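Results of the structural survey
The chain contents come next:
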Amino acid sequence: MRDKILYIIGAVALILLARDMYLITGFPAEANQGAIFKIIFFHVPMAITALTCAMVAFVASILFLITKNFQYDALAVAVTEVGLAFLAGNLITGSIWGRVAWGIWWAWDARLTSALVCWLLYAGYLMLRNAIEEPTQRATFAAVFSIFAFIDVPIVIFSIKWWRTQHPQPVFWGGGSFPPDWSAVFGWQMLAILLVGVVFTAVRLRQEQFQREIDSLRRMAHAL
Amino acid sequence: MYALMLLQASADDAVLREMERLQRNFTFLNSGLWVAWLILVVYVLMMVSRERKLKREIAGLKAMLEDKPRS
């Protein structure tokens, strides 16, 4: 039943992504930036999905430390890994946009640097988990690290407001606007990428359950 | 006549430059969209291979546990 729901969500996300791609290619080029502006339809939803994953990981880590329930630890690792993939997509698509708009692949400004630091912190979280064998210790250390890493998330979000950055102000939150049909497609694209994130998280969560099953089977094998 | 030819040449240059800029813009947009899709596909493939590995490991451990009590 759970698998069926996942397949349905995945199919809806794929249909929406394909439909959005068709509509996006039909949009005219933006007056100043040209066609490269359309990368925003992937760049921003990927960033929002990644930061949502970081938020969920933060809450799950706190809940794990309070309850010591390993379901929360599994959720934290699942969303962190999925968020890392989306943040990588966000950083790379942003870099490609920067090459056209700014003439450079990368600028060490507050938004870009804090986003890169965020990616490195969560990559460190996954490395830390691989380095610790004992499951309870691994989950506890990882939860503390995840809470610490989350400090960077508000810095990523508000960096463009707090400091003068080369990164543009956001379209919706910085006084700009889209034509209505672009806004609608952007909304659907946001939903599609969030749904992809949900499917990835659910699959990754199931893998964590498999991992726990392996841990318990190993304990049984040692005991015999 | 010469001035007219010069004007024509500079207009052609401007059109060519604009076409190059648009072409470059499309090339980068194309690569950006490919990268975005590629990351998602690579991640899916990584998850599929991990799931297979985990299932193999579970099957191996279960087989080992079934054999052990007999021996």
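Residues numbered from 1 in each chain as written. Chains lettered and ligands numbered in written order. Predicted model: local features only at pLDDT ≥ 70, side-chain atom pairs only at ≥ 80, totals over all residues. Heavy atoms only, no water.

Re the overall build of chain B
- A count of helices and strands for chain B gives one helix and zero strands.
- Relative to its length of 71 residues, chain B is extended, with a C-alpha radius of gyration of 31 Å against a globular reference of 11 Å.
- Counting only carbon and sulfur atoms, one obtains 68% of the accessible surface of chain B, whose full area is about 5,500 Å².
- Averaged over its 11 positive side-chain charges, chain B has a centre that lies 13 Å from the centre of its 8 negative ones. (Helix = DSSP H or I, 4+ residues; strand = E, 2+ residues; numbered from the N terminus. Rg over C-alpha atoms; globule rule 2.2 N^0.38 Å. Areas by Shrake-Rupley, 256 points an atom, 1.4 Å probe, with all protein chains shown as cover. Lys, Arg positive; Asp, Glu negative; His and termini not counted. Charge placed at Lys NZ, Arg CZ, Asp CG, Glu CD.)

Description of helix 1 (residues 2–26) of chain A
- Here helix 1 of chain A contains 25 residues, and its C-alpha end-to-end distance of 36 Å stays within 8% of the 36 Å for a straight helix at 1.5 Å per residue.
- All of the buried residues along helix 1 of chain A are A:Leu6, A:Gly10, A:Ala13, A:Leu16, A:Leu17, A:Asp20 and A:Ile24. (Expected span 1.5 Å × (residues − 1). Buried < 20%, exposed > 50% of the residue type's maximum accessible area, 1.4 Å probe, protein only.)

Considerations on empty space enclosed by the protein
Residue and element names in this part refer to chain A.
- Counted under the stated rule, the structure contains one cavity of 30 Å³ or more.
- In this structure, the largest cavity occupies an estimated 70 Å³ of space.
- Surrounding the largest cavity, Ala-50, Leu-51, Cys-53, Ala-54, Val-79, Thr-80, Gly-83, Leu-84, Leu-87, Cys-118 and Tyr-122 form its lining.
- Elements supplying a minimum of two residues to the lining of the largest cavity: helix 2 (40–67), helix 3 (70–101) and helix 4 (110–131).
- By residue number, the principal contributor to the lining of the largest cavity is helix 3, which donates five residues.
- Here the residues of the lining of the largest cavity sort into nine nonpolar, two polar and no charged. (1 Å grid on protein atoms, 1.4 Å probe; cavity = no way out; pocket = protein on both sides within 12 Å on 5 of 7 lines; lining within 4 Å. Points joined across faces, edges and corners; volume = space filled by probe spheres on them. Nonpolar A, V, L, I, M, F, W, Y, C, P; charged D, E, K, R; others polar.)

A closer look at the packing of helix 4 of chain A against helix 6 (residues 152–162) of chain A
All names here are of chain A.
- Interhelical geometry of helix 4 versus helix 6 gives an angle of 165° and a closest axis separation of 8 Å. On the basis of the axis angle, helix 4 is roughly antiparallel to helix 6. The crossing of helix 4 and helix 6 is left-handed. Across the interface between the two elements, Ala-110, Arg-111, Ser-114, Ala-115, Val-117, Cys-118, Leu-121 and Tyr-122 from helix 4 touch Asp-152, Val-153, Ile-155, Val-156, Ile-157, Ser-159 and Ile-160 from helix 6.
- Looking at side-chain class alone, the contact of helix 4 with helix 6 contains eleven nonpolar, two polar and two charged residues. (Axes fitted to C-alpha atoms, helices over the stretch in contact; angles between N-to-C directions. Parallel < 35°, antiparallel > 145°, perpendicular 65-115°, else oblique. Left-handed = near helix turned anticlockwise from the far one by under 90°. Contact = heavy atoms within 4.5 Å.)

Considering the packing of aromatic side chains
All names here are of chain A.
- In the structure shown here, the tally under the stated rule is 16 aromatic pairs over all chains.
- A centroid spacing of 5.4 Å and a plane angle of 70° characterise the contact between Phe-64 and Phe-70, whose relative ring orientation is edge-to-face.
- An aromatic cluster is defined as three or more aromatic residues linked by ring pairs; in this entry it consists of Phe-27, Phe-37, Phe-41, Trp-182 and Phe-186. (Phe/Tyr/Trp six-rings, centres within 6.5 Å; stacked < 30°, edge-to-face > 60°.)

With respect to the interface of chain B and chain A
- Taken together, the contact pairs 28 residues of chain B with 38 residues of chain A.
- Counting each side, the surface lost to burial between chain B and chain A is near 3,200 Å², with a carbon and sulfur contribution of 75%.
- When the buried surface of chain B facing chain A is broken down by residue, B:Phe28, B:Trp37 and B:Tyr43 rank first, second and third, together holding 18% of it.
- Scanning the region where chain B abuts chain A turns up four salt bridges.
- In this structure, A:Glu81 engages B:Arg50 in a salt bridge whose closest nitrogen and oxygen atoms are separated by 3.1 Å.
- Linking chain B to chain A there are ten residue pairs in polar contact (both at pLDDT 80 or more).
- Grouping the amino acids of the side of chain B that touches chain A by side-chain chemistry returns 17 nonpolar, three polar and eight charged. (Buried area = accessible area lost by both parts, 1.4 Å probe. Salt bridge = Lys/Arg side-chain N within 4 Å of Asp/Glu carboxyl O. Polar contact = N/O pair within 3.5 Å; in protein donor to acceptor, adjacent residues only side chain to side chain.)

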